[in-house]
Amino acid sequence: MTANTRYRSRVLRSDDVEEKEYVGFATLPNQVHRKSVKKGFDFTLLVAGESGLGKSTLVNSLFLTDLHKDRKLLNAEERISQTVEITKHTVDIEEKGVKLKLTIVDTPGFGDAVNNTECWRTIEGYIDHQFEQYFRDESGLNRKNIQDNRVHCCLYFIPPFGHGLRPVDIEFMKALQEKVNVVPLISKADCLTPGEIKKLKERLREEIEKHGIKIYQFPDCDSDEDEEFKQKDKELKESTPFAVIGSNAVVEVKGQRVRGRLYPWGIVEVENQAHCDFVKLRTMLIRTHMNDLKEVTCDVHYENYRAQCIQTMTSKVNAENRVESPIPLFPMPTPDADTEKLIKMKDEELRRMQQMLQKMQQQMHEQDL
Amino acid sequence: MATTEIDIFANEEKRSLELAGHVGFDSLPDQLVSKAVSQGFCFNILCVGETGIGKSTLINTLFNTTFESDEASHYLQDVHLRPKTYDLQESNVNLKLTIVDTVGFGDQINKEESYKPIVDYIDTQFENFLQEEMKIKRSLHNYHDSRIHICLYFIAPTGHSLKSLDLVTMKKLDSKVNIIPVIAKADTISKSELHKFKIKIMSELVSNGVQIYQFPTEDEAVTEINSTMNAHLPFAVIGSVEQVKVGNKMVRARLYPWGSVQVENESHCDFVKLREMLLRVNIEDLREQTHARHYELYRRCKLEEMGFKDTDPDSQPFSLQQTYETKRKEFLVELQRKEEEMRQMFVNKVKETEVELKEKERELHERFEQLKRMHHDEKRNLEEKRRELEEEMNSFNRRKVAAETLMGQALQSCSQQPFKKDKDKKN
């Protein structure tokens, strides 16, 4: 055997076990998989948007459950001066032995009142609160059972009735772009023809770029992935924001029972790729990018929060110290303006004296002669 | 004798007589109609709804033409109204149609003032008509009646209930204009949801006391159809101007991957019902209601504000002219008083400013004097110092000369001495 092959790692195969050069760390992915299955996953999803855009229906369709059994919807007169609330639903779901603790955070009342100034503050406060709690837990002494309640993804529902983003949409996304992964969606997409959907998507992409809103970007796939995967990834990226339809009801189409909406002129199938982007959203959110969303939350948004927090804490400490302690923390800053002036004056006088002395010496010298 | 005759006339009831033959006054309605047709009709529609909800498309679909209008932006600071007037003609009937669009409605973050521009516009149209009516030389024939006859309020198809903004706006508008609420973009609601939605909307309107326009059911010819239509309010409409091939005809429809929604298909949406009600059956009633109910209400409020009353405290009818005269006199007196006040104020102000200016002048003079004196003093001091310096220089020069001469003498004596020494040496 040449020296090169000695260090080549190989996939676990039954006949390799006897090979002396096989080290065995190729089983690491399997070990990670086993451990993570045992530990279970958690995911927190925030849904935000005006009432009546289909948020609850979409969440039900995504996770194939019925989260909002007894919902009380307010009347219009009660909503005139409504404030935004935060409601949380946690469910444990299991699939093929993998456990997921799913938390859905809903925001009833957002954008419903007549005066919606700063209606996103409550939501911002909630996200910050989760970060703060995690920060404190992380800096604590006992870190075994940290509960991760940080919001991993925010689905923002844009109504399809307008021509693009409205001022409240822009303000909301701008306020939350640094704190959570914002995924904008076009809701109730069954009121738009395919041509209109395309136009609206372009419009939304333009406006998001124009206003500098940082929505969640899909990570680029590695260059050594196969072509099919790359193609799918490209399609995914080009069809953002997703135009989605949700449904609580099951209808019969061509002998099959699928989730859909029944109209006199046809049946809209939720899982039909030609009808809407629901499948793409589900793939992205659950099947391929769930972990990436969590990572971005941990690595980017939480770290930003943490850095900011620490900065504010230390600057507060410094400000206090300057007034209180007798020994200054920093070296003496620039001397007083008055003393400097005095010094300058004295210097000038000295110079003048020296000059006069020189003159007198010269004179005396001349006189001597 | 005469009094009894008058009494008879006063107490006589109207008797109906039978005609012996054909007189011909049954052509009166026709005369009226031909006159009206030659004059032309006027109809004004106000569309209120969020940006992008389909107001322009629905109007285009209703009148089967394309009225040009630009898409509105979402970022306007407040609500504007855009009235546009068009002349339409259909089988020798001329219609002057004015469409007023609300631009920017529902886009702002704070929508508390959104209803004001709309209410102001409606009031302005009433005011203009009132002014025209009260003119001395008026031409109501040729007056272009711009009062809003109908307000189509577009409700967003959320499927739950009215939005809070809708409720607030409709409450402000219901006493000023005939409102017909329509559910826009109804192709996003399924049949069962639609039924629930309609019931919810109507119950909310009723419980909040909003009076929407009810189609009249007094006239036998239209009673039946109107009462059925009243039950279908609010109409769920879809608008489209694109033609799509369905079966073997071209119809106006929206083409989706899962089917096509036909605008004129009664089982798809209520567009046909809306068109019937709005244009084919009740258009004249809408105009009448606007004039008889809403305009009269406005007029009464306005005149009462100005202090006109129909009856005296003694229940004698006031003559409008008398009231007008008294009002005018009062107004003129008021005006004169105000003028006097203003003149007084002006005079006072002028006096004050004059006094101030005089003060300032005096101060300026004083300072000038002061500075002059200072300047003088300084000059004198300077002169003295100069003199002293000159003296010093003179004395210094004298001493210099004295010193030089002394040195000169000393040198001479020094130079002579070595000379002498040489002489001595030689000698």
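What counts, and at which threshold
- As a convention, each chain's residues are numbered from 1 in the sequence order in which they are written.
- Labels are handed out in written order, letters beginning with A for the chains and numbers beginning with 1 for the ligands.
- Since the coordinates come from a predicted model, pLDDT governs what is reported: local features require at least 70, and pairs of side-chain atoms require 80 or more to be given and counted, while whole-chain, interface and lining totals use all residues.
- The side-chain figures draw on all heavy atoms in the structure; neither hydrogens nor water molecules are used.
- Going along the chain from the N terminus, every DSSP run of H or I of four or more residues is numbered as a helix, and every run of E of two or more is numbered as a strand.
- Burial here depends on accessible area, computed with a 1.4 Å probe over protein chains only, as a share of the maximum for the residue type. Under 20% is buried, over 50% is exposed, and the range in between is partly exposed.
- The contact rule is simple, with two residues in contact once any of their heavy atoms fall within 4.5 Å.
- For the accessible areas, the method is Shrake-Rupley and the probe is 1.4 Å, while residue cover comes only from the protein chains on display.
- To get the radius of gyration, use the C-alpha atoms; to get the globule rule, take the number of residues to the power 0.38 and multiply by 2.2 Å.
- Should DSSP find at least two bridges between two strands, the strands are taken to pair.
- To get an axis, fit a line to the C-alpha atoms, keeping to the stretch in contact for a helix; angles then go from 0 to 180 degrees between the N-to-C directions.
- Definition of a polar contact: a pair of N or O atoms within 3.5 Å, with one able to donate and the other able to accept a hydrogen when the atoms are protein atoms, and with sequence-neighbouring residues admitted only if both atoms are side-chain atoms.
- For this analysis, a salt bridge means a side-chain nitrogen from Lys or Arg found within 4 Å of a carboxyl oxygen belonging to Asp or Glu.
- Defined here as a combined quantity, buried area equals the accessible surface (1.4 Å probe) lost by two parts on assembly, summed across both.
- For every residue, the predictor assigns a confidence score, pLDDT, that lies between 0 and 100.
- Like-charged residues are merged into a patch within 9 Å and nonpolar side chains (Val, Leu, Ile, Met, Phe, Trp, Tyr) within 5 Å, provided each residue has over 30% relative accessible area and no salt bridge.
- When charges are counted, Lys and Arg are positive and Asp and Glu negative, with His and the chain ends excluded.
- Charged groups are reduced to one reference atom each: NZ for lysine, CZ for arginine, CG for aspartic acid, CD for glutamic acid.
- Here a cavity denotes grid points, spaced 1 Å and computed from the protein atoms alone, that fit a 1.4 Å probe unable to get out, and a pocket denotes an open set having protein on both sides within 12 Å along at least 5 of 7 lines; residues with an atom within 4 Å of a point are the lining.
- Grid points are joined across faces, edges and corners, and a volume is the space filled by probe spheres set on the points.
- Gly is put with the polar residues, along with every residue not named as nonpolar or charged; the nonpolar set is Ala, Val, Leu, Ile, Met, Phe, Trp, Tyr, Cys and Pro, and the charged set is Asp, Glu, Lys and Arg.
- Two cysteine sulfur atoms make up a disulfide if the distance between them is within 2.5 Å.

**With respect to the overall build of chain A**
Thinking step 1. Secondary structure summary: chain A contains 10 helices and nine strands in total.
Thinking step 2. Burial statistics for chain A: of 369 residues in total, 40% are counted as buried.
Thinking step 3. Once local pairs closer than 6 in sequence are excluded, the contacts in chain A between residues at least 24 apart make up 66%.
Thinking step 4. Accessible area for chain A stands at about 23,200 Å²; split by element, carbon and sulfur atoms hold 52% of it.

**Describing the overall build of chain B**
Thinking step 1. Along the backbone of chain B there are 10 helices and nine strands.
Thinking step 2. Taken over C-alpha atoms, the radius of gyration comes to 48 Å for chain B, far larger than the 22 Å a tight globule of 427 residues would show.
Thinking step 3. When the backbone C-alpha atoms are referred to their principal axes, chain B occupies close to 190 × 85 × 45 Å.
Thinking step 4. Buried positions account for 35% of the 427 residues belonging to chain B.
Thinking step 5. In chain B, once contacts between residues fewer than 6 apart in sequence are set aside, the share between residues at least 24 apart is 66%.
Thinking step 6. When the accessible surface of chain B is totalled, it reaches about 29,000 Å², and 54% of it is carbon and sulfur.

**What about the sheet that holds strand S7 (residues 250–253) of chain A?**
All names here are of chain A.
Thinking step 1. With antiparallel pairing, the three strands of this open sheet are ordered in space as S7-S8-S9. One side of each edge strand has no neighbouring strand; the edge strands of this open sheet are S7 and strand S9 (266–269). Between one strand axis and the next, the sheet turns through 70 degrees on average, direction left out of account.
Thinking step 2. Of the pairings in the sheet, the one linking strand S8 (residues 256–263) to S9 comprises four bridges and is antiparallel in character. Bridged to Arg-261 within S9 is Val-268.

**Regarding the sheet that holds strand S5 (residues 179–183) of chain B**
All names here are of chain B.
Thinking step 1. In space, the six strands of this open sheet follow the order S2-S3-S1-S4-S5-S6, with mixed pairing throughout. Every other strand in the sheet has two partners, leaving strand S2 (80–90) and strand S6 (235–236) as the edge strands with one partner each.
Thinking step 2. Direction of pairing for S2 relative to strand S3 (residues 93–103): antiparallel, over a ladder of 11 bridges. Along S3, the bridge assignment pairs Arg-82 with Asp-101.
Thinking step 3. Helix H4 (residues 115–134) contacts strand S1 (41–48), S2 and S3 of the sheet and is inclined by roughly 50 degrees relative to S2.

**Comments concerning the side chain of Thr-44 of chain A**
Residues and elements named next belong to chain A.
Thinking step 1. With respect to the helices and strands, the residue Thr-44 is situated in strand S1 (residues 41–48).
Thinking step 2. There is a polar contact of 3.4 Å between the side chain of Thr-44 and the backbone oxygen of Arg-150.
Thinking step 3. Excluding anything up to four places from it in sequence, Thr-44 contacts Thr-103, Val-105, Asp-148, Asn-149, Arg-150, Val-151, His-152 and Cys-153.

**Considerations on the pairing of strand S4 (residues 150–155) of chain B**
The side chains of a regular strand alternate between the sheet's two faces.
All names here are of chain B.
Thinking step 1. With six of six residues buried, S4 is to be regarded as a mostly interior element.
Thinking step 2. Of the two faces of S4, the one lined by Ile-150, Leu-152 and Phe-154 and the one lined by Cys-151, Tyr-153 and Ile-155 are each fully buried.
Thinking step 3. Two strands pair when backbone bridges link them, and S1 and S4 are joined in this way by four bridges, in the parallel orientation. Bridged to Cys-47 within S4 is Leu-152.
Thinking step 4. Alignment of S4 against S5, held across five bridges, turns out to be parallel. Residue pairing for S5: Cys-151 is matched across the bridge by Ile-179.

**Things to note about the pattern of salt bridges**
Pairing between side chains of opposite charge can happen when their charged atoms approach one another.
Thinking step 1. For the structure shown, the criterion picks out 43 salt bridges over all chains.
Thinking step 2. For the salt bridge of Asp-145 of chain B with Arg-147 of chain B, the shortest nitrogen-to-oxygen distance reads 2.9 Å.
Thinking step 3. Accessibility expressed as a relative area gives 13% for Asp-145 of chain B, which makes it buried.
Thinking step 4. Judged by relative accessible area, Arg-147 of chain B falls into the buried class, the value being 5%.
Thinking step 5. Where Arg-380 of chain B meets Asp-377 of chain B, a salt bridge forms, and the shortest distance between an N and an O atom there is 2.8 Å. Placement of both Arg-380 of chain B and Asp-377 of chain B in helix H10 (residues 320–426) is noted, with a separation of three residues, approximately one turn of the helix.
Thinking step 6. Overlapping salt bridges bring together Glu-50, Arg-166 and Asp-169 of chain A together with Glu-50 and Lys-163 of chain B as one network.

**As for the interface of chain B and chain A**
Thinking step 1. The interface is formed by 46 residues belonging to chain B together with 52 residues belonging to chain A.
Thinking step 2. For the pairing of chain B and chain A, the buried interface totals around 4,000 Å² over both sides, and the portion due to carbon and sulfur atoms is 56%.
Thinking step 3. Together, Tyr-75, Ile-109 and Trp-258 of chain B form the three largest contributors to the area buried by chain B at its contact with chain A, with a combined 21%.
Thinking step 4. Run the count over chain B and chain A and you get three salt bridges.
Thinking step 5. Two residues, Lys-163 of chain B and Glu-50 of chain A, come together in a salt bridge whose shortest N-O distance is 3.4 Å.
Thinking step 6. Here chain B and chain A share 18 residue pairs in polar contact (both at pLDDT 80 or more) between them.
Thinking step 7. Where the side of chain B that touches chain A is concerned, the elements lending two or more residues are helix H5 (164–173), helix H6 (191–207), strand S8 (249–256) and strand S9 (259–262) of chain B.

**Section: the confidence of the model for chain A**
Residue and element names in this part refer to chain A.
Thinking step 1. Taken over all residues, the pLDDT of chain A has a mean of 79, while the share at 70 or more is 85%.
Thinking step 2. Low pLDDT, under 50, characterises residues 1–12; the predicted model gives this stretch 12 contacts beyond four residues in sequence or across chains.
Thinking step 3. Predicted confidence is poor over residues 323–333, with pLDDT under 50, and the contacts of this stretch with residues over four places away or in other chains come to four contacts.

**What about the side chain of Gln-177 of chain A?**
Residues and elements named next belong to chain A.
Thinking step 1. Checked against the element boundaries, Gln-177 lands in the loop between helix H5 (167–176) and strand S5 (182–186).
Thinking step 2. There is a polar contact of 2.7 Å between the side chain of Gln-177 and the backbone nitrogen of Lys-214.
Thinking step 3. Sequence-distant contacts of Gln-177, that is, excluding residues within four places in its chain, are made with Val-182, Gly-212, Ile-213, Lys-214 and His-301.

**Remarks on a negative patch on the surface**
Residue and element names in this part refer to chain B.
Thinking step 1. Among the surface-exposed residues, Glu-384, Glu-388, Glu-390, Glu-391 and Glu-392 lie close enough to one another that they form a single negatively charged patch.
Thinking step 2. Residue position: Glu-390 is located in helix H10.
Thinking step 3. Of the residues examined, Glu-390 reaches a relative accessible area of 46% and is grouped as partly exposed.

**Describing the layout of surface pockets**
All names here are of chain B.
Thinking step 1. Approximately 1,700 Å³ is the volume attributed to the largest pocket.
Thinking step 2. Contributing to the lining of the largest pocket are 45 residues, with Gly-40, Phe-41, Cys-42, Leu-95 and Arg-287 lying nearest its centre.
Thinking step 3. At six residues, helix H2 (residues 28–39) tops the list of elements feeding residues into the lining of the largest pocket.
Thinking step 4. Classifying every residue of the lining of the largest pocket gives 18 nonpolar, 13 polar and 14 charged.

**Remarks on the state of the cysteines**
Thinking step 1. Going through the model one piece at a time under the given rule, you end up with zero disulfides over all chains.
Thinking step 2. Counting only cysteine sulfurs, Cys-298 of chain A is the nearest neighbor of Cys-309 of chain A, a cysteine outside any disulfide, at a range of 16 Å.
Thinking step 3. Using a relative accessible area of 18% as the deciding quantity, one classes Cys-309 of chain A as buried.
Thinking step 4. Take Cys-151 of chain B: it sits in no disulfide, and the sulfur closest to it among the cysteines is that of Cys-47 of chain B, at 7.9 Å.
Thinking step 5. Relative accessible area serves as the criterion here: at 0%, Cys-151 of chain B is assigned to the buried category.

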